[in-house]
Amino acid sequence: MPVKDVAKRMGLDWHTVKELEKEYMREQLRRAGPPKPGVIGIDEISVKKRHTYRIVVSDIEKRRAIWFGGVDRSEASMDQFYAFLGPEKAKQIRLAVMDMWKPFRNSTEAKAPQAAILFDKFHVLRHLGEALDKVRKAEYARMTGSKRKFIKGQKYVLLSHKENLTAEGRQSLKLLLQANKRLHTAYLLKESFGQLWDYNTEGWARRFFENWKEQLKWQRLKPFEKFAAMIERHWDGIAAYCEPNNKVALGFVEGLNNKIRVFQRRAYGLRDEEYLRLKILTCSLPEL
């Protein structure tokens, strides 16, 4: 329930309720104790307009956020996390999951050089989704007349998992793929790429990727070719998932991001960053 509604129901001042909740959340953090992560997830969130970012670091094994800070998403801001953690605890990190943002990788390699770098599957697939949408837009621009109607407004249908679509959405997808061969090919390539994370050895994963790239030949799918080149440049951080010790559950960071977006939609912390910080750091902790 938003602070305003609690204040109204309890007959208290809005600021009083907010300060009481801050006090409660600080006690939650105190009882949780200082973090000692072995596997961390690193991501950034936008806190204001005009690309103002903060970094959120999670303990993936304990499924809790452990740090919110920095002034942007630079290497210097990422270094602040390792300063907070301290060199001894930084040495205990064995795996760091992140997107392909170079400053995060540079900071981690400098401050926790023993940690393996793993690029987050969800961020990688988001890039693939963006490539598919670029193909959709290009095909819409290329088409004329009645054929356009199958493509217009179908971004959600094309990018969603098929099992999440309604019966109407599945029918729209079927008509779209029947009407446009290039989009059909791009869609099948997008759907199959997720198999990359199923392999237990880098050799088999590499063989799959090479076969996937081979299917791009003669298809005139420039966005997919650029995506494949990006995967090539970041291969080590993607193939790291093949190591049995690195097969951690990657959904927690994405779930945390969804929670943060809910906080922000409810206008939590937009004028009080400390309040937002506490909400994020305690959202996975047990109640007192």
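Above this note sits the structure.
These notes cover the structure that comes with them. This is a predicted model, so every value here is computed, not measured.

### Regarding the pairing of strand β2 (residues 52-59)
Burial within β2 is extensive, with seven of its eight residues counted as buried. In this sheet, β2 lies alongside strand β1 (residues 39-48) in antiparallel orientation, the contact comprising eight bridges. Each residue of the ladder has a partner; that of I42, found in β2, is V57.

### Side note on the layout of surface pockets
If a probe as big as a water molecule is rolled over the atoms, it shows which places are left empty. Roughly 540 Å³ of internal volume is contained in the largest pocket. Along its surface, the largest pocket is lined by 14 residues, and L125, R126, L159, H161 and K190 are the ones closest to its centre. Elements represented by at least two residues in the lining of the largest pocket include exactly α6 (121-142) and α9 (181-193). In terms of residue count, α6 provides more of the lining of the largest pocket than any other element does, five residues in total. Its residues assigned to classes, the lining of the largest pocket shows five nonpolar, four polar and five charged. If you add up the space inside the second largest pocket, you get close to 440 Å³. In terms of lining, the second largest pocket is formed by 17 residues, of which the most central are D43, E44, D99, H123 and R126. Elements represented by at least two residues in the lining of the second largest pocket include exactly β1, α6 and α13 (251-265). Taken together, the residues of the lining of the second largest pocket break down into five nonpolar, five polar and seven charged.

### What about the nonpolar core?
Among the nonpolar cores identified, the biggest contains 61 residues, and F193, W212 and F224 are the most heavily contacted of them. Non-local contacts of W212, meaning those with residues more than four positions away in its chain, are made with L128, L189, S192, F193, F224, F227 and A228.

### Describing unusual backbone geometry
The phi dihedral of W218 is positive, around 65 degrees, even though this residue is not glycine. The topology assignment puts W218 in the loop between α10 (202-214) and α11 (222-233). The residue R220 is not glycine, and still its phi comes out positive at about 55 degrees.

### As for a nonpolar patch on the surface
Taken together, the side chains of M10, L12 and L20 define a hydrophobic patch exposed on the protein surface, amounting to about 300 Å² of accessible area. With respect to the helices and strands, the residue L20 is situated in helix α2 (residues 14-32). Taking the relative accessible area as the measure of exposure, L20 reaches 47% and is therefore partly exposed.

### Quick notes on the side chain of R64
By the secondary structure assignment, R64 is in strand β3 (residues 64-69). Ignoring any residue separated from it by four or fewer positions in sequence, one finds R64 in contact with L29, A32, G33, S58, D59, F252, S284 and L285.

### Concerning the pattern of salt bridges
All told, the structure shown has 23 salt bridges when counted by the stated rule. A salt bridge links E88 to K91, with the nearest nitrogen and oxygen atoms 3.5 Å apart. As far as burial versus exposure is concerned, E88 and K91 are alike and both exposed. The network of salt bridges with shared partners includes K18, E19, K22 and D272.

Cut-offs used in this document
- Each residue is numbered by its place in its chain's sequence as written, counting from 1.
- Owing to the predicted nature of the model, reporting of local features is limited to residues with pLDDT of at least 70; listing and counting of side-chain atom pairs is limited to 80 or more, with chain, interface and lining totals taken over all residues.
- Based on all heavy atoms of the structure, the side-chain values leave hydrogens and waters out of the count.
- Type-normalised accessible area, obtained with a 1.4 Å probe on protein chains alone, sets the label of each residue: buried when under 20%, exposed when over 50%, and partly exposed for intermediate values.
- The helix count covers DSSP runs of H or I at least four residues long, the strand count covers runs of E at least two residues long, and both are numbered beginning at the N terminus.
- When DSSP finds at least two bridges between two strands, those strands are taken to pair.
- A cavity here means a set of points on a 1 Å grid, drawn over the protein atoms and nothing else, where a 1.4 Å probe fits but cannot get out; a pocket is an open set with protein on both sides within 12 Å along at least five of seven lines, and a residue lines either one if it has an atom within 4 Å of a point.
- Grid points are joined across faces, edges and corners, and a volume is the space filled by probe spheres set on the points.
- Under the convention adopted here, Pro, Cys and the residues Ala, Val, Leu, Ile, Met, Phe, Trp and Tyr are nonpolar, Asp, Glu, Lys and Arg are charged, and Gly plus all remaining residues are polar.
- Take the buried Ala, Val, Leu, Ile, Met, Phe, Trp, Tyr and Cys residues and link them wherever side-chain atoms come within 4.5 Å; each set so joined is a nonpolar core.
- Residues are treated as being in contact if the distance between any of their heavy atoms lies within 4.5 Å.
- Only residues whose relative accessible area exceeds 30% and that form no salt bridge are eligible for patches; like-charged ones are grouped when within 9 Å, while nonpolar side chains (Val, Leu, Ile, Met, Phe, Trp, Tyr) are grouped when within 5 Å.
- Computed by Shrake-Rupley with a 1.4 Å probe, the accessible areas treat only the displayed protein chains as cover when residues are assessed.
- What counts as a salt bridge is simple: a side-chain nitrogen of Lys or Arg found within 4 Å of a carboxyl oxygen of Asp or Glu.

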